[in-house]
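# Report on the structure
Chain by chain, the residues run as shown.
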Amino acid sequence: MSIKQVLDTIAASDKGSVDRLIDWLRIPSISTDPAYKGEVRRAAEWIASQLSDLGFKVEIRDTGKPLGAGHPIVMATVEASASYKGPHVLFYGHYDVQPVDPVSLWDSPPFDPVIKPAEKGGPGERVVARGAVDDKGQVMTFIEACRAWKAVAGHPTNGAKFTVMLEGEEESGSANLGDFVQRHKRELGDCDVCLISDTGMLGRNSPAITYGVRGLAYTEVTLHASNQDLHSGMWGGRCPNPITELARVLAQLHDKKRRVTIPGFYDDVRPLGKAERAAWAKLKFNQKAALKKIGLPPAADIGEAGFTALEREWGRPTAEVNGIWGGYTGSGAKTVIPAKASAKVSFRLVADQDPRKITKMFFKWCKDHTPPGCRWELTDHHGGFGVTVPTDSPVLAAAMKALKAASGRQAAMIKTGGSIPVAGMLKDELGIDTIFMGFGLDDDRVHSPNEKFEIDCLRLGMRSHAHFIAQLTNA
Ligand code: BES
Ligand code: MN
Ligand code: MN
């Protein structure tokens, strides 16, 4: 069976691929918001039926405690041909999406996908919708490659052994995935390697393999003071204002060098190697241009002292305040000292930091910094380990070859500052390494209003997966 026919099929069914993606994007599968539980399941059912049409054996499995409390996981398998000798590949993706707020900043409704034409000096032709690049569009690059292989060879992966696992809780911390992996250890353990399209490229026309993601520890802290809101005239200057006190504490999270001050925070950090730093420097990443795109001047290139922007994103741990609130935030003015103030605080982690240990350290640090007369309420939301995978494995080499064949360009080896919890779980529980072959761009507005996936990225993704299957099956 020839890869040429498969590529021709992909090119010929371009519009169909985009239309199918748009159908999927119409389903508002926001996993973090219980109001969308039914929609999340509908998105699972939609993709399950696609896989089933392609000849996969598909099951929608419930998760959570009690079973069904979580969002379902779509599992699909396809038998290998008798002659297949290659690896059993686990393709992982997620069909849930982030919330859409602030909805007023969207140029079109987030679940009413639109195709926008290319702009000179700006983005190319693209589909705009929540989930476009993260991760429905990227999952579709694989699905549509399977569709083309099925049309040409009668088998969606040309006889290669594949299992597909599509999660519905990635964007809300993969709370039930660890348990699911535990319970399906035998089935998943039969896989040799995991393949994920949920990352980005180095740039337009610059494909990349991502060989590492960071870990994450996500918390929420509330500082309680008085047992009631107070008149700021009567009580201002007479008792703690929890907003001021919380801000004072959080401001101490970083020192003058912008290093995290929590004792022990860097203890387990694997230092950056010389060779790795040199390789990253060679990528000629343009931080100034990247800052400019998000409306910042060169002076905004700040972070932990002693490291470049790429090093800070890919190889160093950080602490972030994601949200902070308390008191009066309505229109007009109200004079008040509130009873409490809160913040969402998270940490991006690198090898070999343990998210549970970091959360513990942070909570102890909070307690050690308790403002006079105040009390903490501390919540551990979720966490996941960072992962760095070997860059010399045969399957990774096959992915590199596929990218080269699909794009005509040598793929760059990059890392990302983002997190994908499944990779750490598969490594720890089953010893399975992951290959991140992603097709996103820096300006895709992941998690933001007007999220997009460029049609050329969709095409490159479909072609790359088609070539990857060809690599596995010597086609
Ligand atoms: N696809 C992203 C991870 C990502 C983002 C990779 C940007 C490369 C570039 C993933 O869906 C994501 O958003 N992960 C969360 C994880 C969290 C909710 C546990 C993240 O990184 O914040
Ligand atoms: Mn994602
Ligand atoms: Mn995401």
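The structure this text deals with has already been given above.
## Some remarks on the pattern of salt bridges
One pass over the full model with this rule turns up 32 salt bridges. The salt bridge partner of aspartate 112 is arginine 26, with a shortest N-O separation of 3.4 Å. Taken as a pair, aspartate 112 in the loop between strand S3 (89-94) and strand S4 (114-116) and arginine 26 in the loop between helix H2 (14-25) and helix H3 (37-53) lie far apart in primary sequence, 86 residues in all. For aspartate 112, a relative accessible area of 38% translates into the label partly exposed. Between arginine 248 and glutamate 245 there is a salt bridge; the shortest N-O distance is 3.9 Å. One end of the pair, arginine 248, and the other, glutamate 245, are both in helix H8 (residues 242-251), 3 residues apart, so they sit about a helical turn from each other. Residues participating in the shared-partner salt-bridge network are Arg204, Lys293, Asp443, Asp444, Lys452 and Glu454.

## Some thoughts on the packing of H3 against helix H4 (residues 132-153)
Where H3 meets H4, the closest approach of the two axes is 10 Å, and the angle between their N-to-C directions is 25 degrees. On the basis of their axis angle, the class for H3 and H4 is roughly parallel. Considering the relative orientation of H3 and H4, their crossing is left-handed. Residues Trp46, Ile47, Gln50, Leu51 and Asp53 of H3 touch H4, and the partners they reach there are Met140, Ile143, Arg147 and Lys150. Here the contact of H3 with H4 is composed, by residue class, of 5 nonpolar, 1 polar and 3 charged.

## Some remarks on the coordination of the manganese ion (ligand 2)
Protein-derived ligands of the manganese ion (ligand 2) are His94 (NE2), Asp134 (OD), Asp198 (OD) and Asp198 (OD), with the metal-ligand distances lying across 2.0 to 2.3 Å. For the manganese ion (ligand 2), the 6 donor atoms in the first shell make angles of 58 to 167 degrees at the metal, so the coordination geometry reads as irregular. Spacing between the donor residues of the manganese ion (ligand 2) along the chain follows H-x39-D-x63-D.

## A short note on the coordination of the manganese ion (ligand 3)
Surrounding the manganese ion (ligand 3) are the protein donor atoms Asp134 (OD), Glu171 (OE), Glu171 (OE) and His447 (NE2), which sit 2.1 to 2.5 Å from the metal. Around the manganese ion (ligand 3) sit 6 donor atoms; with metal-centred angles ranging over 56 to 157 degrees, the donor geometry is irregular. Each donor residue of the manganese ion (ligand 3) lies on the same chain, and together they follow the pattern D-x36-E-x275-H. Between the manganese ion (ligand 3) and the manganese ion (ligand 2) the interatomic distance amounts to 3.6 Å, and aspartate 134 serves as a bridging ligand to the pair. Within this pair, whereas glutamate 171 is found in the loop between strand S6 (162-167) and helix H5 (177-183), its partner histidine 447 is found in the loop between strand S16 (433-438) and strand S17 (452-454), the two being separated by 276 residues in sequence.

## Let's talk about the site of ligand 1
For ligand 1, the set of nearby residues contains 15 residues, the closest of which are Glu170, Asp198, Arg348, Ser419 and His447. Residue glutamate 170 places a side-chain N or O atom 2.7 Å away from an oxygen atom belonging to ligand 1. Contacts to ligand 1 include histidine 447, whose side-chain N or O atom sits 2.9 Å from an oxygen atom. Contact with the protein chains hides 83% of the accessible area of ligand 1, taken as 520 Å² for the molecule alone. Looking at the shell around ligand 1 residue by residue, the classes come out as 2 nonpolar, 8 polar and 5 charged. The residue makeup of the shell around ligand 1 includes at least three contributed by each of domain 1 (3-214 + 386-473) and domain 2 (215-269 + 317-384).

## Topic: the sheet that holds strand S5 (residues 126-128)
Within the open sheet, the 3 strands sit side by side as S4-S5-S17. Their pairing is antiparallel. Of all the strands in the sheet, just S4 and S17 have a single pairing partner and so form its edges. Pairwise comparison of adjacent strand axes, ignoring direction, gives a mean angle of 25 degrees for this sheet. Where S5 and S17 come together, 3 bridges link them in antiparallel fashion. Of the residues in S17, the one forming a bridge with valine 128 is lysine 452. Sheet strands touched by H4: S5 and S17. Its angle to S17, the strand with the most contacts, is close to 35 degrees.

## Considering the sheet that holds strand S10 (residues 215-224)
Sheets are built from strands that pair by backbone hydrogen bonding, the pairs being arranged parallel or antiparallel. Strand order in this open sheet of 4 strands is S11-S12-S10-S13, and the pairing throughout is antiparallel. Every other strand in the sheet has two partners, leaving strand S11 (318-326) and strand S13 (375-384) as the edge strands with one partner each. Sheet twist, expressed as the mean angle between neighbouring strand axes with direction ignored, is 15 degrees. Inspection of the sheet shows S10 paired to S13 by 9 bridges, in the antiparallel sense. Note on S13: the bridge partner recorded for leucine 216 is glycine 384.

## Focus: the packing of aromatic side chains
Inspection of the entire model under this criterion finds 9 aromatic pairs. Where phenylalanine 265 meets tyrosine 266, the ring centres are 5.1 Å apart and the plane angle is 85 degrees; that geometry is what we call edge-to-face. Assessed through its relative accessible area of 2%, phenylalanine 265 is described here as buried. Judged by relative accessible area, which is 16%, tyrosine 266 ranks as buried. When the ring of phenylalanine 265 is compared with that of phenylalanine 347, the centres are 5.8 Å apart and the planes differ by 50 degrees; the resulting orientation is tilted. Of the two residues, phenylalanine 265 is situated in the loop between H8 and helix H9 (274-282) and phenylalanine 347 in strand S12 (residues 340-349); the sequence distance between them amounts to 82 residues. A relative accessible area of 0% means that phenylalanine 347 is categorised as buried. Of note, arginine 259 hangs over the ring of tyrosine 266, and the distance from its end group to the ring centre comes to 4.2 Å.

Analysis parameters
Residues numbered from 1 in each chain as written. Chains lettered and ligands numbered in written order. Predicted model: local features only at pLDDT ≥ 70, side-chain atom pairs only at ≥ 80, totals over all residues. Heavy atoms only, no water. Salt bridge = Lys/Arg side-chain N within 4 Å of Asp/Glu carboxyl O. Helix = DSSP H or I, 4+ residues; strand = E, 2+ residues; numbered from the N terminus. Buried < 20%, exposed > 50% of the residue type's maximum accessible area, 1.4 Å probe, protein only. Axes fitted to C-alpha atoms, helices over the stretch in contact; angles between N-to-C directions. Parallel < 35°, antiparallel > 145°, perpendicular 65-115°, else oblique. Left-handed = near helix turned anticlockwise from the far one by under 90°. Contact = heavy atoms within 4.5 Å. Nonpolar A, V, L, I, M, F, W, Y, C, P; charged D, E, K, R; others polar. Donors = N, O, S within 2.8 Å, 3.2 Å for Na, K, Ca; no water. Tetrahedral: all angles 85-135°; square planar, octahedral: opposite > 155°, others 65-115°. Near = heavy atom within 4 Å. Polar contact = N/O pair within 3.5 Å; in protein donor to acceptor, adjacent residues only side chain to side chain. Areas by Shrake-Rupley, 256 points an atom, 1.4 Å probe, with all protein chains shown as cover. Domains from an automatic or database assignment. Pairing = 2+ DSSP bridges. Phe/Tyr/Trp six-rings, centres within 6.5 Å; stacked < 30°, edge-to-face > 60°. Lys NZ or Arg CZ within 6 Å of the ring centre and 35° of its normal.

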